[in-house]
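One letter stands for each residue in the lines below.
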Amino acid sequence: MPLHAAEFFAELNLPFTTSTVIGDRYYAALADGSALRLRIDFAPTIRHGDYDGLRLTVIHPERGALHVETLAFADHHTFTHRDAARGKSPGHDGYARIRDWQSSGPAPWRGADLTGLRQAVTGFTAMWTHPPTTPSTGHQRERTSKARTLDAPGLQHPAGFWAADTDFLDLLHQATLLVFDFAEYGTLDGIPVSQNLRYAREGVRDTLGLPIEYGVLAEAEAVAHITQTAGRPYGPGTAAALARIDALNLEDQHALVKAAAHRYRAPQAQPVLTAAPTIRPAVPAPALDQVASGRTP
């Protein structure tokens, strides 16, 4: 059935003065005089025509996609009342999802409560449109001097030990999220995981404007999470583990990358970039053979 996207976004009623819907996608100027644009589309699952949230992309006309964020319907209680009336709960097929499996019919999102999504989108975009406030002098964090990089004016190397530099870690976190996005959405386009990762460092440089060294670190961080989620240690056997992942069908590759990205985003997830090869994730991860058999997270 058609998604009725124009009606959906009209009901979502976002606070942007300039916006339009083209096909199943929503576009808006984030603020008057700003070059930033927002694109929202329905976030696909590994099943064709099945969607479990909204995917928000902040776009710069020259630098391309700056950030991608997914808002899950389940997390924002979009279909809580609808699914309760249908007797569906977490784990049931179709819970907190919409599907356009037919060529006609009513909107598949009928019965949605868009309050939570509206608040989430508004809060997310406010971070890109409102200038940061300067804390009072008494609460300002002491900053040590940093050496600027030679290849990216304005960017800085970590001060002292990198693990203690929160600014550096914030940039690395953003870069790693972008690498996961490249890997996850590349599999939807029919590209194996290792090929998506092969050029991720250039994507980090071109999209975020960071030095290539940041891309290398972010790529390694993402690969560590992907291989460990697949039940393989990160270390000398990483290349072989990626080759085995590439041998899976693309739906299973997509599910694996999505599970690894979820682990990385979870508050309890710990950095694994510098972990010894024998260290396993704190939370039991599905074995690669389970992923290959279709028993994905």
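Fair warning: this is a prediction, and the values are worked out from it, not measured in the lab.

1. Here's the deal with the packing of aromatic side chains
Given two aromatic rings, one states the distance between the centres and the angle between the planes to describe the pair. Taken as a whole, this structure holds nine aromatic pairs when the rule is applied. Judged by centre distance (5.2 Å) and plane angle (90°), the ring pair of Phe8 and Phe9 falls under edge-to-face. With relative accessibility at 1%, the residue Phe8 sits in the buried group. Between Phe9 and Phe42, the aromatic rings sit 5.8 Å apart at their centres with planes inclined by 45°, giving tilted as the arrangement. Of the two residues, Phe9 is situated in helix α1 (residues 5–12) and Phe42 in strand β3 (residues 37–44); the sequence distance between them amounts to 33 residues. Residue classification places Phe42 among the buried positions, given a relative accessible area of 5%.

2. Observations concerning the pairing of strand β5 (residues 64–72)
Inspection of the sheet shows strand β4 (residues 50–60) paired to β5 by eight bridges, in the antiparallel sense. In the strand pairing of β5, Leu56 is matched with Glu69. Counting the residues that bridge the hairpin from β4 to β5 gives three residues.

3. Details of the pattern of salt bridges
By the definition in use, this model includes nine salt bridges. Where Asp41 meets Arg25, a salt bridge forms, and the shortest distance between an N and an O atom there is 3.3 Å. Pair noted here: Asp41 is in strand β3 and Arg25 is in strand β2 (residues 25–29), with a separation of 16 residues, a long-range link. Look at Asp41 and you get buried, because its relative accessible area is 6%. Linked through salt bridges whose partners overlap, the residues forming this network are Arg47, Asp50, Asp93, Arg97 and Arg99.

4. Comments concerning the environment of Asp24
In this fold, Asp24 is placed in the loop between β1 (19–22) and β2. Considered as a pair, Asp24 and Ala5 are 19 residues apart in the sequence and their alpha carbons are 5.1 Å apart. Once residues within four sequence positions are removed from consideration, Asp24 is found in contact with Leu3, Ala5, Phe9, Ile40, Asp41 and Phe42.

5. Concerning helix α4 (residues 166–188)
A rise of 1.5 Å per residue sets the reference length of α4, with its 23 residues, at 33 Å; its end C-alpha atoms lie 33 Å apart and thus fit the reference within 8%. Phi turns positive, to about 85°, at Gly190, one or two residues after α4.

6. Things to note about the pairing of β3
Two faces, one strand: in a regular strand the side chains alternate between the faces of the sheet. Bridging between β2 and β3 involves four bridges; their strand directions are antiparallel. The partner of Ala29 across the bridge, within β3, is Arg37. Pairing of β3 with β4 involves eight bridges; the strand directions are antiparallel. Across the sheet, Leu38 pairs through a bridge with Val58, a residue of β4.

7. Structural notes on the environment of Lys88
For Lys88, the position within the fold is in the loop between α2 (80–85) and β6 (98–99). In contact with Lys88, not counting residues within four places along its chain, are Asp83, Asp93, Gly94 and Tyr95. At a separation of 2.8 Å, a polar atom in the side chain of Lys88 contacts the main-chain carbonyl oxygen of Asp93.

8. A short note on the packing of helix α7 (residues 212–229) against helix α9 (residues 250–265)
Running from N to C, α7 and α9 cross one another at 115°; their axes reach a closest spacing of 9 Å. By the criterion of interaxial angle, the relationship of α7 to α9 is roughly perpendicular. Considering how the two elements wind past one another, α7 and α9 form a crossing that is right-handed. For the pair formed by α7 and α9, the contact residues are Glu221, His225, Ile226 and Thr229 on the first element and Leu256, Val257, Ala259, Ala260, Arg263 and Tyr264 on the second. Here the contact of α7 with α9 is composed, by residue class, of six nonpolar, two polar and two charged.

9. What to know about helix α6 (residues 200–208)
By the burial criterion, the buried members of α6 are Ala200, Gly203, Val204, Thr207 and Leu208. One side of α6 holds all its buried residues, which, seen down the axis, span an arc of 100°. Elements that come into contact with the buried residues of α6 comprise β5, α4, α5 (193–198) and α7. Looking one or two residues past α6, Gly209 carries a phi angle of roughly 70°, positive in sign.

What counts, and where the lines are drawn
Residues take numbers from 1 onward in each chain, read along the sequence in its written order. A pLDDT threshold of at least 70 governs which residues receive local features in this predicted model, and a stricter bar of 80 or more applies before side-chain atom pairs are shown or counted, although totals over entire chains, interfaces and linings include all residues. In computing side-chain properties, one takes all heavy atoms of the structure into account and sets aside hydrogens as well as water. Aromatic rings from Phe, Tyr and Trp, with only the six-membered ring used for Trp, were paired whenever their centres fell within 6.5 Å, and each pair was classed as stacked if the ring planes differed by under 30 degrees, edge-to-face if by over 60, and tilted otherwise. Only protein chains enter the accessibility calculation, which uses a 1.4 Å probe; a residue whose area is less than 20% of its type maximum is buried, one above 50% is exposed, and one in between is partly exposed. A run of H or I in DSSP becomes a helix once it reaches four residues, and a run of E becomes a strand once it reaches two; helices and strands are each numbered from the N terminus. Note: two strands are recorded as paired if DSSP finds a minimum of 2 bridges between them. Put simply, a salt bridge is a Lys or Arg side-chain nitrogen that is within 4 Å of an Asp or Glu carboxyl oxygen. Any pair of residues with heavy atoms lying within 4.5 Å of one another is described as a contacting pair. Each helix should span, by expectation, one fewer than its residue count multiplied by 1.5 Å. Any N or O atom pair separated by 3.5 Å or less is treated as a polar contact, with the protein-specific requirement of one donor-capable and one acceptor-capable atom, and with residues adjacent in sequence counted only for side-chain atom pairs. Fitted lines through C-alpha atoms serve as axes, helices being fitted only where they are in contact, and the angles separating the N-to-C directions of these axes extend from 0 to 180 degrees. Here is the rule for angles: anything less than 35 degrees is roughly parallel, anything more than 145 is roughly antiparallel, 65 through 115 is roughly perpendicular, and the remaining ranges are oblique. Left-handed is the label given to a crossing in which the near helix is rotated counterclockwise from the far helix by less than a right angle, and right-handed is the label when the rotation is clockwise. Any residue that is not Ala, Val, Leu, Ile, Met, Phe, Trp, Tyr, Cys, Pro, Asp, Glu, Lys or Arg is counted as polar, Gly included; the first ten are nonpolar and the last four charged. Think of the arc as the fan of directions from the helix axis to the C-beta atoms.

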